[in-house]
Each structure stands twice: as structure tokens, then as C-alpha cells.
Amino acid sequence: MKVAVTSEGPTLDYQVDPRFGRAGGFVVVDTETMETTYVDNGSSQARPQGAGIQAAENVANAGAQVVLTGYVGPKAFTALAAAKIRIGQDVDRMTVREAVEKYIRGEVAMADAPNAQEGGKR
């Protein structure tokens, strides 16, 4: 399974970026091998609006079935749900590796609603 984690940098040892749509990028992790790829999200950061929708498209194109992040707004949540990507929220304040390990242990609840306002504000 591929899990995309919002990240402040390209490896497992970077902090989870709490923002989904305006995250620096996504570390995409194969949970069976722990092999990673990095998806730069810079183009979404520069958008005046629609960053979450563009980020959802980036994650879907990377083949992720799950996203782990801090906060997801309503438009991004809808876009991820439409792509059948499950969402684990509130995994900020830890490294990407810690978030993935927590997910593998079944300790990340999958969300059924966004936890941020439009624009990613809490």
C-alpha cells in the first residue's frame, strides 16, 4: 500500500507538514518495503486558491491510497474522497517515519470530515 505523508522535506526523517494543500511536498511510502518517493507540491503552494484540489490530484497521480497529514480543508477533503483516498488527520508534530509507523500499527483514525476551514485554517 502507498501512503502519502505531507512533509517539510523529501525523506522519512523530516517533520510532517501540518498543511495538506500548501504542504512543501509528500513523501510517498510503500508500507511493505518502506521505500519512498517524493512529490514536490511547490506548484500548489503558489496558487492563490485551489491548492488543496491540486495537492489531491498530485497525491492521486502518485498512486497513494492513504494521506497522512495535520489538517485538511473541505475542498481538498472532497477531492481526496472522490479519488477514494482515505485520510488520516492530526498526525502533525512528528516525523514522516513516526506517522507511517503509527498508521501501520493501526493508531491513526481515518477521517470522515475535514478538520480545517477553507484555505487550511483551523
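All figures in this text were calculated on a predicted structure; none of them were measured in a lab.

What counts, and where the lines are drawn
Residues numbered from 1 in each chain as written. Predicted model: local features only at pLDDT ≥ 70, side-chain atom pairs only at ≥ 80, totals over all residues. Heavy atoms only, no water. Helix = DSSP H or I, 4+ residues; strand = E, 2+ residues; numbered from the N terminus. Buried < 20%, exposed > 50% of the residue type's maximum accessible area, 1.4 Å probe, protein only. Polar contact = N/O pair within 3.5 Å; in protein donor to acceptor, adjacent residues only side chain to side chain. Pairing = 2+ DSSP bridges. Axes fitted to C-alpha atoms, helices over the stretch in contact; angles between N-to-C directions. Arc of directions from axis to C-beta. Contact = heavy atoms within 4.5 Å. Parallel < 35°, antiparallel > 145°, perpendicular 65-115°, else oblique. Left-handed = near helix turned anticlockwise from the far one by under 90°. Nonpolar A, V, L, I, M, F, W, Y, C, P; charged D, E, K, R; others polar.

Engineer: Before we go on, may I ask you to explain the environment of asparagine 61 in this structure?
Structural biologist: With respect to the helices and strands, the residue asparagine 61 is situated in helix α2 (residues 51-61). For asparagine 61, a relative accessible area of 63% puts it in the exposed group. On a C-alpha basis, the gap between asparagine 61 and alanine 83 in space is 10.0 Å, while along the polypeptide they are 22 residues apart.

Engineer: For this particular structure, what's the right way to read the side chain of asparagine 41?
Structural biologist: Tracing the backbone through its elements, the reader meets asparagine 41 in the loop between β3 (36-40) and α1 (42-45). Here asparagine 58 takes part through its side chain, which lies 3.0 Å from a polar atom of the side chain of asparagine 41.

Engineer: Looking at this structure, how should I read the sheet that holds β3?
Structural biologist: Hydrogen bonds between backbone atoms are what pair the strands of a sheet, whose relative direction is either parallel or antiparallel. The sheet built from five strands is open, its strands ordered β3-β2-β1-β4-β5 with mixed pairing. The strands lining the two open edges of the sheet, one partner per strand, are β3 and β5 (86-88). When the angles between neighbouring strand axes are averaged without regard to direction, this sheet yields 25 degrees. Note: strand β2 (residues 25-30) against β3, five bridges, orientation antiparallel. Directly across from valine 27, in β3, lies its bridge partner tyrosine 38.

Engineer: Sorry, what's going on with helix α3 (residues 74-82) here?
Structural biologist: A turn of α-helix holds 3.6 residues, and therefore any two residues three or four places apart point the same way. Taken together, the buried positions of α3 are occupied by Ala76, Phe77 and Leu80. Along the axis of α3, the buried positions cluster into a sector of 100 degrees, meaning they face one direction only. Counted as exposed and oriented over 90 degrees from the buried face of α3: Thr78 and Ala82. Those residues of α3 that are buried are in contact with α2, β4 (66-68) and β5. Just past α3, the residue lysine 84 takes up positive phi, approximately 60 degrees.

Engineer: Looking at this structure, how should I read the packing of α2 against α3?
Structural biologist: A pair of packed helices is captured by two measures, namely the crossing angle of their axes and the spacing between those axes. Where α2 contacts α3, the axes come no closer than 7 Å and their chain directions differ by 25 degrees. Considering their axes alone, α2 and α3 lie roughly parallel with respect to each other. Handedness of the crossing formed by α2 with α3: right-handed. Here Gly52, Ile53 and Ala56 of α2 come into contact with α3, specifically with Lys75, Ala76, Ala79 and Leu80. Here the residues of the contact of α2 with α3 are counted per class, giving five nonpolar, one polar and one charged.

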